[in-house]
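The lines below spell out each chain.
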Amino acid sequence: MANKFTYHYRIFGCQMNVADAHDLSARLDQYGGQPVDTPAEADLVLVNTCMVRAKAEDKALSYFGELKHLKGTGGGKMLVALGCVVRRSRERILKAHPHLDLLLDYSDPDGVLESLCEHFAPLKGIVPTGEFTPLYDAGDCRQHFVTAIRGCHHGCSYCVVPLARGPQRDVPLERIVGEAKALEQAGAPDLTVLGQNILSYGTTSGDREPRFVEMMETLLKETKFPWVTFLTSLPTDLTDEICEKVISNPRVTPLLHLPLQAGSDRVLASMKRGHTMEHYRRIISKAREQRPDLYLTTDLLVGFPTETEEDFQETLKAAEEIGFDDAFMFAYSERPGTLAARKFADKLPRTEKLRRLNELIRLQREWGAKRNARYVGQELDVIIERCENGDITARTAFNKPVLQNQRMQP
Ligand code: SAH
């Protein structure tokens with residue numbers, strides 16, 4: 001058993017980072033770690049970074065700056081920067097933030113733990129076994145993640161993820177099942193399986209055939225979770241077989257997150273998304289046939305360098321016609337090293353990108369509200385996340401928050 005120590009984990013970015021942080025925390029707890037709420041109280045401060053858009057990167061860099069005053073306050077506090085920004089900007093970070101003790105260009109829990117055992121005094125001498133008890137706190141019932149794929153090799157022209165996280169690596173199926181079972185035994189009520197493009201699971205292992213259906217079928221057979229979600233799906237890899245064998249399964253939640261990005265085939269081709277509007281429409285109608293209760297969410301990206309006003313209008317038209325229940329919407333942010341950054345000048349003014357974004361957000365809110373009205377009067381199962389003085393916070397199978405306030409009671 002290692003010496004006791006305190007740690008603080010700050011997470012920027014996506015669910016993959018959240019999953020990595022949860023998994024590493026579980027391992028640290030096993031070796032004497034105790035999570036604390038502020039970096040000031042912690043012996044070990046871990047910052048998991050994101051650079052999907054320039055804003056996310058700036059946030060991480062400015063947080064490094066905030067940590068500076070903690071150095072030299074005594075007690076040998078260790079500051080560690082992890083993940084995407086480190087991989088892309090190690091030299092820049094080293095120069096601007098010499099107070100950071102360790103820079104790791106990945107955030108996968110086994111690798112980080114190994115490095116900490118080498119460099120962080122309270123963990124020195126420990127040889128991690130790879131075994132861990134997943135973090136499950138009955139008082140904190142947010143989604144429970146298992147990572148099935150790390151990295152990405154799809155290569156959407158605007159996206160820095162393959163450069164920041166490296167090429168796709170599949171987690172072996174036995175390990176995914178093992179982690180899912182451990183979460184189940186710990187009492188987790190649901191499971192979300194993660195990958196940048198989860199539908200391409202298996203394409204980096206020996207036979208290079210997608211094994212997504214097999215992975216989901218195995219997980220469903222080996223566990224009893226009533227709610228299993230998979231995230232995120234590239235439309236080009238969504239097939240009739242997946243609709244028939246996975247989406248139709250009542251234990252798979254009706255949530256399908258299928259990023260469309262744009263409504264113009266020309267822009268989709270410059271984005272190198274690999275799908276057309278025709279494919280998207282067809283596969284959604286197939287998915288809705290299998291799952292009339294499908295809750296469809298998407299990502300939409302406006303202001304891509306080749307996007308004209310007409311293209312933007314096509315995105316609005318497509319979003320209205322398809323009918324998304326919810327959408328994450330972004331303005332294009334040029335990312336160094338991506339194909340789009342090399343090929344196109346980012347010359348659309350920021351004000352114009354924001355105009356398009358704001359218009360899209362306003363309209364999508366209206367369309368989403370109309371679609372959401374179908375739940376009025378319906379009874380749905382929920383997972384209760386918090387219950388305080390009779391006020392209840394819960395979420396549906398498709399991760400929609402449900403609130404019940406004592407004062408709202410008749
Ligand atoms: N792998 C997932 C999502 C990765 S990033 C997928 O393929 O869908 C999440 C979202 O951020 C993307 O879907 C996209 O809408 C947005 N995004 C990615 N790169 C961006 C960029 N350079 N500028 C603005 N938004 C971006």
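What counts and how
Residues numbered from 1 in each chain as written. Predicted model: local features only at pLDDT ≥ 70, side-chain atom pairs only at ≥ 80, totals over all residues. Helix = DSSP H or I, 4+ residues; strand = E, 2+ residues; numbered from the N terminus. Rg over C-alpha atoms; globule rule 2.2 N^0.38 Å. Contact = placed C-beta atoms within 7 Å. Pairing = 2+ DSSP bridges. Axes fitted to C-alpha atoms, helices over the stretch in contact; angles between N-to-C directions. Parallel < 35°, antiparallel > 145°, perpendicular 65-115°, else oblique. Left-handed = near helix turned anticlockwise from the far one by under 90°. Nonpolar A, V, L, I, M, F, W, Y, C, P; charged D, E, K, R; others polar. Near = placed C-beta within 6 Å. Core = buried A, V, L, I, M, F, W, Y, C linked by C-beta atoms within 7 Å. Buried ≥ 20, exposed ≤ 12 C-beta atoms within 10 Å, placed from the backbone. Domains from an automatic or database assignment.

What follows is about the overall build of the protein. When you go through the protein residue by residue, the secondary structure sums to 13 helices and 16 strands. Against the globule reference of 22 Å for 410 residues, the protein gives a C-alpha radius of gyration of 22 Å, in line with a compact fold. Taking the principal axes of its C-alpha atoms as reference, the protein extends roughly 60 × 55 × 50 Å. Look at the contacts in the protein between residues 6 or more apart in sequence, and 73% of them connect residues 24 or more apart.

Judged by pairing direction, the sheet is parallel, and its 3 strands sit side by side in the order 11-12-13 without closing on themselves. One side of each edge strand has no neighbouring strand; the edge strands of this open sheet are strand 11 (255-257) and strand 13 (326-331). Here the average twist between neighbouring strands, direction ignored, is 15°. Alignment of strand 12 (residues 295-302) against strand 13, held across 6 bridges, turns out to be parallel. Paired with Thr 297 across the bridge in strand 13 is Asp 326.

Where helix 8 (residues 240-247) meets helix 10 (residues 277-290), the closest approach of the two axes is 9 Å, and the angle between their N-to-C directions is 20°. One way to sum up the angle between helix 8 and helix 10 is to call them roughly parallel. Between helix 8 and helix 10 lies a crossing of right-handed hand. Contacts from Asp 240, Cys 243, Glu 244 and Ile 247 of helix 8 reach helix 10 at Lys 286, Ala 287 and Gln 290. Classifying every residue of the contact of helix 8 with helix 10 by side-chain character gives 3 nonpolar, 1 polar and 3 charged.

Around the ligand lies a shell of 18 residues, among which Gln 196, Pro 259, Asp 299, Phe 330 and Ser 333 are the nearest. Counted by class, the shell around the ligand contains 10 nonpolar, 5 polar and 3 charged residues.

Another aspect to go through is the nonpolar core. Residues Val 80, Val 146, Ala 148, Leu 194 and Ile 198 are the most contacted members of the largest nonpolar core, which totals 99 residues. Viewed by domain, this core spans two of them, domain 1 (5-123) and domain 2 (145-375), each represented by three or more residues. Once you skip the residues sitting within four places of it in the chain, Ile 198 turns out to touch Ala 148, Ile 149, Val 193, Phe 212, Phe 230, Leu 231, Thr 232 and Ser 233.

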